[in-house]
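A look at the structure
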Amino acid sequence: MFRRGQEIANPVRFKFNGQTITSEDGDTIAAALLAAGVTHFRTAPEDASNRGPLCMIGNCFECLVDIKGKGSRQACRERVVEGMSVRSHPGLVVPKAQP
Amino acid sequence: MTHDVLVIGAGPGGLSVASGLARAGACVQVIDEQPYAGGQIFRASEKSARAGNEIRGWLGEEYSGGLDLIRSAKRQERIDWQFATSVWDIRCEDDHIELGLVHGETASITQARHVVLASGAMERPAPFKGWTLPGVMGIGAAQTLFKDAGLVPENGVVLAGSGPLLYLFANQLLSAGVRPGAILDFAAKWVSAQHLVPLTRVAWHSRTALLKGLKWRSRIARAGIPHLFGVDELEAVGKDEVQGVHYRKGGQSHQFETSLLLVHDGVIPNTHMTVAAGCDHNWLAQQQYWQPGLNDKGQTSQQGLWVVGDCAGIMGAEAAEIQGRIVARNIAGKLGLAIGKAEATQAQKDLAELKKLAALRQFIDLQYPPAKTFATPADDTVICRCEAVTAGEIREIAQLGCQGPNQARAFTRAGMGPCMGRGCGLSVSRLMAEVSGNDIEQVGHYSTRTPLKPVTLSQLASLNDT
Ligand SMILES: Cc1cc2nc3c(=O)[nH]c(=O)nc-3n(C[C@H](O)[C@@H](O)[C@H](O)COP(=O)(O)OP(=O)(O)OC[C@H]3O[C@@H](n4cnc5c(N)ncnc54)[C@H](O)[C@@H]3O)c2cc1C
Ligand code: FES
């Protein structure tokens, strides 16, 4: 989907679903994941569909991930930190109530 | 109260209002949730300038020009900068306004007599079949990745929708050596006869802007990128992520393979905060969005609450800067601060310039109206992405006599998810108006409750320590 326009100059390593990802210092988690080819950030609780970032400015909440020690956060607003551990947001499937 | 004025947003509007007030002698605090100044248009401009990298060159003069504005604001000693800080609450009291802030793991409350909202715009949510698939994003979103992280789409990316941002972004991509697979343009190729009059009205004084648009388009053509005009329907297809796009043009269906579909249907004001603050809003029918009602000074219906820039109504970055200067003078007047002679002369020029920009905007708005297909999504299209509510469900409860968006929210859960209705608010109001046949002003919009941005219980608990 995306590639880096420039090579990484100041590498920062973190884990996503147990896999090590190398990103540029100062990247948002969303940018780091997209550059690494990740498209599935969260699972929608209603229909278990895959979701990924839509707006990149903190409005849509499609980029939710779980950051160890912080809980559920927007990947487009949080920046990468060396050694952090991130998981995709599970989205427990809840059946829809009938009106 | 430690500050005379609090400014929310450090884009062109916020930077300009803060500079103007600081120069007049006021103590100002600027709050922005981003770690850098610049707003959406000049996003991460300081960061890329520091790195001295090629990315600035690819983004062009449009982007690099913002650095002067940022640097001149940063030289003002009376401005206190609060970056990486979100506003999650706004309350208008009798003689002051209170804001709830969160920075890192700490929440705090601050207040001032005057608050300026310069929180900008968001891309208009454009619901169509398949738009929830990973790999469908806003053009502005992809541009944000470009500015902030130097990420560029791979060759074959498809740009769809309408507006000048399509052409600007395609040019930025060509500079970066990226070849879009196609541009699916909802606009007509040429200005239609009925828009010629507004065009001639702005042609001379807006010639630079108009020529720039033509230059962008001709570069796309010269590069041999397929640029299709008059496209009127989209569908993203794929299993777990986008694999292609189906579109209609001239009554026929076509398709295109791609792993990234970027869509844009213009931008709309961020009215979440003005709605939460209880301000009056007007519906702008031509552009299909709500905007806060302002008096001729730039103040909302709430005493001491002012709005500048695109969150007051979409006028673009240049106008945001001018509005910032105007509102800075008006607030300085209220604070009893003297305004110099030079400033008074500038005031005249600013009003004249704003009038020209308004005429240009009127032409742009006519040429790039919001797409019909996104306003009238098919019944099986998801409109509330958080709660997976479809257009059909909203139509159904509207037919059953549901009394407006807030009741629809309670019935269907549309707008109850984490984005709090930012993504579906407009669609729900439009669908309910479509079914009931009522004007959208009668139908109304979602009400908004605190917190405006997510805050955790431990962040809230930290309020006791401050
Ligand atoms: C994604 C996107 C990309 C765009 N790119 C361009 C472009 O390249 N060229 C162009 O001409 N126009 C662009 N625009 C249009 C844009 O609206 C500009 O006209 C211009 O940036 C508007 O300036 P502004 O000062 O009104 O607001 P903005 O520049 O949008 O600045 C608003 C600021 O407020 C902050 N903010 C918002 N809510 C909160 C909150 N609750 N708490 C704390 N801070 C908050 C934001 O972080 C942001 O920095 C873009 C719009 C979007 C949405
Ligand atoms: S991508 Fe929209 S909130 Fe992060």
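Residues numbered from 1 in each chain as written. Chains lettered and ligands numbered in written order. Predicted model: local features only at pLDDT ≥ 70, side-chain atom pairs only at ≥ 80, totals over all residues. Heavy atoms only, no water.

What to know about the sheet that holds strand β9 (residues 136–138) of chain B
Residue and element names in this part refer to chain B. The test is simple: Should DSSP find at least two bridges between two strands, the strands are regarded as paired. Numbering of helices and strands starts at the N terminus; helices are DSSP runs of H or I of at least 4 residues and strands are runs of E of at least 2.
Strand order in this open sheet of 5 strands is β9-β17-β11-β12-β13, and the pairing throughout is parallel. Sheet topology places β9 and β13 (227–228) at the edges, where each strand pairs with a single neighbour. Taken together, the 4 bridges between strand β11 (residues 158–162) and strand β12 (residues 182–185) define a ladder with parallel strand orientation. Among the inter-strand pairings, Gly161 is bridged to a residue of β12, identified as Asp185.

So, the interface of chain A and chain B
Here is the rule we go by: We call two residues contacting when some pair of their heavy atoms lies within 4.5 Å. Simply put, the buried area is the total loss of 1.4 Å probe accessible area from both parts when two parts are fitted together. Here a salt bridge means any side-chain nitrogen of Lys or Arg lying within 4 Å of a carboxyl oxygen belonging to Asp or Glu. In protein, a polar contact requires one atom able to donate a hydrogen and another able to accept it; more generally it is a pair of N or O atoms within 3.5 Å, and residues adjacent in sequence count only if both atoms are side-chain atoms.
Taken together, the contacts link 37 residues of chain A with 55 residues of chain B. Between chain A and chain B lies a buried interface of about 3,700 Å² when both sides are counted; carbon and sulfur atoms form 51% of it. Across the pair B:Arg385 and A:Glu62 runs a salt bridge whose closest N-O atoms are separated by 2.6 Å. Summed over the shared surface of chain A and chain B, the number is 14 residue pairs in polar contact (both at pLDDT 80 or more).

Some words on the pairing of strand β2 (residues 11–16) of chain A
All names here are of chain A. Keep this limit in mind: Summary of the burial criterion: residues with accessible area below 20% of their type's maximum are buried, those above 50% are exposed, and those between are partly exposed, where the area comes from a 1.4 Å probe applied to protein chains only.
With burial as the criterion, only one face of β2 is covered, namely that bearing Val12, Phe14 and Phe16; the residues Pro11, Arg13 and Lys15 on the opposite face remain uncovered. Where β2 meets strand β3 (residues 19–24), 6 bridges bridge the pair, whose relative direction is antiparallel. Following the sheet pairing, Val12 is matched in β3 by Ser23. Hairpin connection between β2 and β3: a loop of 2 residues separates the two successive antiparallel strands, and Asn17 in this loop has a positive phi of roughly 50 degrees. Pairing analysis gives 2 bridges linking β2 to strand β8 (residues 85–88), with the strands arranged parallel. What sits directly across from Lys15, in β8, is Ser85.

A look at the domain arrangement of chain B
Residues and elements named next belong to chain B. Where we set the bar: Domains are outlined according to an automatic or database domain assignment.
By the assigned domains, chain B splits into domain 1 (5–122 + 268–339), domain 2 (125–265) and domain 3 (376–443). Once you take the C-alpha centre of each, domain 2 and domain 3 turn out to be 27 Å apart. Listed as interface residues are 6 residues of domain 2 and, on the opposing side, 9 residues of domain 3. With both chains or domains summed, domain 2 and domain 3 bury close to 710 Å², and 57% of this area falls on carbon and sulfur atoms. When residues of domain 2 are sorted by the area they lose upon contact with domain 3, Pro125, Pro127 and Trp131 head the list and together hold 63% of the total.

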